[in-house]
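Chains, contacts and geometry: an overview
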Amino acid sequence: MDLENQKRVLGFAEQYGPENVVVLLGAAEGEASGLAAETVTAGDPTFSGPLTGVSLGLTVFHVCEPQVKEEFDQAVYEEQVGMMEMVLDVDDIVSEMTSIRDEFCKYLG
Amino acid sequence: MKSVIKGAGYILCHVPDMVLHNGTTQTTEMIVNPEGEYLKALPSHLRSWEDVLEYWPNQVYIGNKTPDELAAVPQPFYTTPCDVKERYGHFGQMMPQEEFTLLMQASDVFDLVWLDKNFVAQYKEQFAANPMIDETIVARIKDGIEISEIERLVKEEHSEGLYHNGTLVGCVKRAHDIDVNLSAHVMLENIVSKASSVLALIAGVQNAGYQKADIEYVIDCCEEACGDMNQRGGCNFAKAAAEIAGLVSASGSDSRGFCAGPAHALVEAAALVEAGAYKTVAVTAGGCTAKLGMNGKDHVKKGMPAFEDMLGGFCVVIGENDGVSPEINLEILGRHTVGTGSAPQNVISSLVTDPLDRNGLKVTDVDKFSPEMQNPDITKPAGAGDVPQANYKMIAALAVKRGDIPKADMPAFIKDHGLTGWAPTQGHIPSGVPYIGFAREDIMAGKIKRAMIIGKGSLFLGRMTNLFDGISFIIQANSSAEAAAAAGVSEEEVKSMIAKAMKEFAATLLAQAE
Amino acid sequence: MSILAGKKVVAIGDRDGIPGPAIEACAVTAGAEVVFSSTECFV
């Protein structure tokens, strides 16, 4: 994840409390989604950014995942994201995201 | 009359040492994680000159292989060496680092690039033997200086080192002691862009069959900016490169739009020629050092070569309608507007289906779409997926939505109307334009009638707007013969109508006289 | 229990996936406050 974005995520977690922050991703495929999710939960796996060694454990979802999708206004989702479901490998994204969440998320009930 | 595409040039410069010293992924890592595994491992992942020569996507870029041939090569491409290993192709050439370093010095007019005299002596003859480098450029090569002086300039004067095979062989000096816009880092980036644009211009003009003095205007559309602290983006890389390339009759200016820059510039060039402002306009762009090794961490982690070791350049020459060359049809323009938004379906509709709708065309009326032609070997391991494929899936999904094709035909549509990406991830370089050389040939050979070039740009990277950007245009078979024929028929019709009217009139007069 | 309602959302979009502003447009409909939205680019 971009270093500036890591810095902002860290700042918001400190400002609002990590339990109140949710990160929503729009990555193009599963592995990239997993890496971004790992960054905001376990810490930066590339050891480059401000989140290196910082395990925020934030709640993180890809925007195409069913748990968050069902909370959106369906018409807005359809207009903004809908078509990309035909382009992205959603199953792969879901499986990568689920495994990272199961291991590192601290605030999911 | 519509303007036409007279020719295109495509060049690549293999600069492995610049990957290490000038790519931002690496320079950032040197700051944040200098002892990390990545910087230790990267050198062993750099490719040799022989590796890049036999790399399929590179051979497609310079025109020795076609996109269709590439599509039949199993991915990842690097596991299958190309049977053609030539450095020269009919669109341009691949230039090795030693020659490019000399070209940088030849492109510098402010005594900023200094080379080791032994390095110059070793490679000057090889440089001069390059058929695209004429004697005026060779004459610009200086003898060079002692390496000890270069070492001093790097250590004491904030100069950026130029390396070859891991050894310091030259440097780029800062152009001002205080102004960061003229720092050695910025000057190196800009001179690299200029030098690779010079090479692209020479290739493009040559391939278009023009003399250098025939070019009246040059538009540069790279992603760099030059100027001092009082006008940081004053630019005109176009004229600077045209001067070194010997385009004595050319004026020029720069056009910018991130990755969409080339598509914007081509539309502008076509409009200038169609309007009669200039007879011939060359659109050019050189390569970008910052993006070298951009996704290197992923390539190294996965045990792959560090593919992003090539600077890319291109030049497309637009001229007056010659009756045979493919035309740029400015009546079918795709426009991403301020109000379009950034939802992917809105972006792709504004660029693909809206312009077709306005002109009563179906998605299937376009034989080939050339969106962003990034090489998937580079982007897939980095998590960006296969970018051209993603674009084709979106176009196909839209075509299904509109009823242009049944859903079951999506894979066939993508195969028939799509292309496999072969361009290096040099920002503006992959954006639609790599196909123009092939499109010209395929249209003239009658293989296809219509191609759509699509450029997309990430404006938000400049932190001035969150907007996305994009522009598309159509290249089509030359229609002037048809237009003339159509005009001819109607003229005959008019004549016969007049003759008929005259006869009737005479008959009436005769009847009246009787 | 909802995931997004009342939460501070950070949207990290991707140029070749879903861009930040598109994520933001969805998140606000779920009752979240989007405190930051950005789009990454790997090309």
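That block above? That's the structure.
To keep things clear, this report deals only with the structure shown in the data block. Treat the numbers as computed from the prediction; the structure is a model and nothing was measured.

1. Some words on the pattern of salt bridges
Residues and elements named next belong to chain B. Within the structure shown, the criterion is met by 29 salt bridges over all chains. The partner of Asp-111 in a salt bridge is Lys-142, with the nearest N and O atoms 2.8 Å apart. Pair noted here: Asp-111 is in the loop between helix H7 (97-107) and strand S4 (113-115) and Lys-142 is in the loop between helix H9 (135-138) and helix H10 (147-156), with a separation of 31 residues, a long-range link. Assessed through its relative accessible area of 25%, Lys-142 is described here as partly exposed.

2. What about the packing of H7 of chain B against helix H11 (residues 184-207) of chain B?
Residues and elements named next belong to chain B. Where H7 meets H11, the closest approach of the two axes is 9 Å, and the angle between their N-to-C directions is 100 degrees. Looking at the two axes, H7 sits roughly perpendicular to H11. Taken together, the residues of H11 that come into contact with H7 (itself represented by Phe-100, Leu-103, Met-104 and Ser-107) are Leu-188, Ile-191, Val-192, Lys-194, Ala-195, Ser-196, Val-198 and Leu-199. Residue composition of the contact of H7 with H11, by class: nine nonpolar, two polar and one charged.

3. Examining the layout of surface pockets
Residue and element names in this part refer to chain B. Quantified by volume, the second largest pocket comes out at close to 460 Å³. Around the second largest pocket sit 22 residues that line it, and Val-109, Phe-110, Met-187, Lys-194 and Cys-226 are the ones nearest its centre. Taken together, the elements giving at least two residues each to the lining of the second largest pocket come down to H11 and helix H12 (237-245). Counting residues per element, the lining of the second largest pocket draws most heavily on H11, at four residues. For the lining of the second largest pocket, a count of residues per class yields eleven nonpolar, seven polar and four charged.

4. Let's talk about the interface of chain A and chain B
It is common to report an interface's size as the accessible area lost on association of the parts. Taken residue by residue, the interface counts 19 residues in chain A and 24 residues in chain B. Buried surface at the junction of chain A and chain B, both sides included, amounts to about 1,600 Å², of which 58% is carbon and sulfur. On the chain A side of the interface with chain B, the three residues burying the most area are Met-83, Met-86 and Val-87 of chain A, jointly 37% of the side's total. Seen at the junction of chain A and chain B, the total is one salt bridge. The closest approach of N and O atoms between Lys-302 of chain B and Glu-31 of chain A, which form a salt bridge, is 2.8 Å.

5. Here's the deal with empty space enclosed by the protein
This model, assessed by the stated rule, comprises three cavities of 30 Å³ or more. A volume near 120 Å³ is recorded for the largest cavity. Contributing to the lining of the largest cavity are 15 residues, with Pro-344, Met-394 and Lys-456 of chain B together with Arg-15 and Asp-16 of chain C lying nearest its centre. Mapped by element, the contributors of at least two residues to the lining of the largest cavity are helix H15 (344-358) and helix H17 (387-402) of chain B. Take the lining of the largest cavity: its biggest share by element is four residues, from H17 of chain B. For the lining of the largest cavity, a count of residues per class yields eight nonpolar, three polar and four charged. Computed from the structure, the second largest cavity encloses a volume of approximately 40 Å³. Around the second largest cavity sit Arg-47, Tyr-55, Pro-57, Asn-58, Phe-307, Met-310, Asn-375, Ile-378, Trp-422, Ala-423 and Pro-424 of chain B, which together line it. Looking at the lining of the second largest cavity residue by residue, the classes come out as eight nonpolar, two polar and one charged.

6. Topic: the sheet that holds strand S5 (residues 160-164) of chain B
As a general point, the strands of a sheet are linked pairwise by backbone hydrogen bonds and lie either parallel or antiparallel. All names here are of chain B. Overall, antiparallel pairing links the three strands, which are arranged S4-S6-S5 in an open sheet. The sheet terminates laterally at S4 and S5, the two strands that pair on one side only. Taking each pair of neighbouring strands and ignoring which way they run, the sheet shows an average axis angle of 35 degrees. When S4 meets strand S6 (residues 167-172), the two strands line up antiparallel, connected through three bridges. Note on S6: the bridge partner recorded for Trp-114 is Cys-171.

7. Let's talk about unusual backbone geometry
When glycine is set aside, most residues are seen to have a negative phi, and most peptide bonds are trans. Residue and element names in this part refer to chain B. Of note, the bond from Gln-75 into Pro-76 is cis; its omega dihedral lies within 30 degrees of zero at -5 degrees. Residue position: Pro-76 is located in the loop between helix H6 (67-71) and strand S2 (88-89). The backbone of Asn-165 shows a phi angle near 50 degrees, a positive value even though the residue is not glycine. Positive phi, normally seen in glycine, also occurs at Phe-258, with a value near 50 degrees.

8. Thoughts on helix H5 (residues 90-104) of chain A
All names here are of chain A. With 15 residues, H5 extends 21 Å between its outermost C-alpha atoms, agreeing within 8% with the 21 Å of an ideal straight helix rising 1.5 Å per residue. Along H5, the residues classified as buried are Val-90, Ile-93, Met-97, Ile-100 and Arg-101. Buried residues of H5, seen end-on, are gathered within an arc of 105 degrees and therefore sit on one face of the element. Facing away from the buried side of H5 by more than 90 degrees, the exposed set consists of Asp-91, Asp-102 and Glu-103. Among the structural elements, strand S1 (21-25), helix H2 (30-39), strand S2 (59-62) and helix H3 (66-69) are those in contact with the buried residues of H5.

9. Observations concerning the packing of aromatic side chains
Working definition: an aromatic ring pair is given by the centre-to-centre distance plus the angle between the planes. According to the stated counting rule, one finds 13 aromatic pairs over all chains in the structure shown. On the basis of an interplanar angle of 10 degrees and a centroid distance of 6.1 Å, the ring pair of Phe-12 of chain A and Tyr-16 of chain A is categorised as stacked. Separated by four residues within a single helix, Phe-12 of chain A and Tyr-16 of chain A lie in helix H1 (residues 3-16), roughly one turn from each other. On the basis of relative accessible area, Phe-12 of chain A is assigned to the buried category, the value being 7%. Taken together, the aromatic side chains of Tyr-10, Tyr-61, Phe-91, Trp-422 and Phe-438 of chain B make up a single cluster linked through ring pairs. The residue whose ring lies beneath Lys-142 of chain B is Trp-114 of chain B, and the NZ or CZ to ring-centre distance is 4.3 Å.

The rules we used
Residues numbered from 1 in each chain as written. Chains lettered and ligands numbered in written order. Predicted model: local features only at pLDDT ≥ 70, side-chain atom pairs only at ≥ 80, totals over all residues. Heavy atoms only, no water. Salt bridge = Lys/Arg side-chain N within 4 Å of Asp/Glu carboxyl O. Helix = DSSP H or I, 4+ residues; strand = E, 2+ residues; numbered from the N terminus. Buried < 20%, exposed > 50% of the residue type's maximum accessible area, 1.4 Å probe, protein only. Axes fitted to C-alpha atoms, helices over the stretch in contact; angles between N-to-C directions. Parallel < 35°, antiparallel > 145°, perpendicular 65-115°, else oblique. Contact = heavy atoms within 4.5 Å. Nonpolar A, V, L, I, M, F, W, Y, C, P; charged D, E, K, R; others polar. 1 Å grid on protein atoms, 1.4 Å probe; cavity = no way out; pocket = protein on both sides within 12 Å on 5 of 7 lines; lining within 4 Å. Points joined across faces, edges and corners; volume = space filled by probe spheres on them. Buried area = accessible area lost by both parts, 1.4 Å probe. Pairing = 2+ DSSP bridges. Expected span 1.5 Å × (residues − 1). Arc of directions from axis to C-beta. Phe/Tyr/Trp six-rings, centres within 6.5 Å; stacked < 30°, edge-to-face > 60°. Lys NZ or Arg CZ within 6 Å of the ring centre and 35° of its normal.

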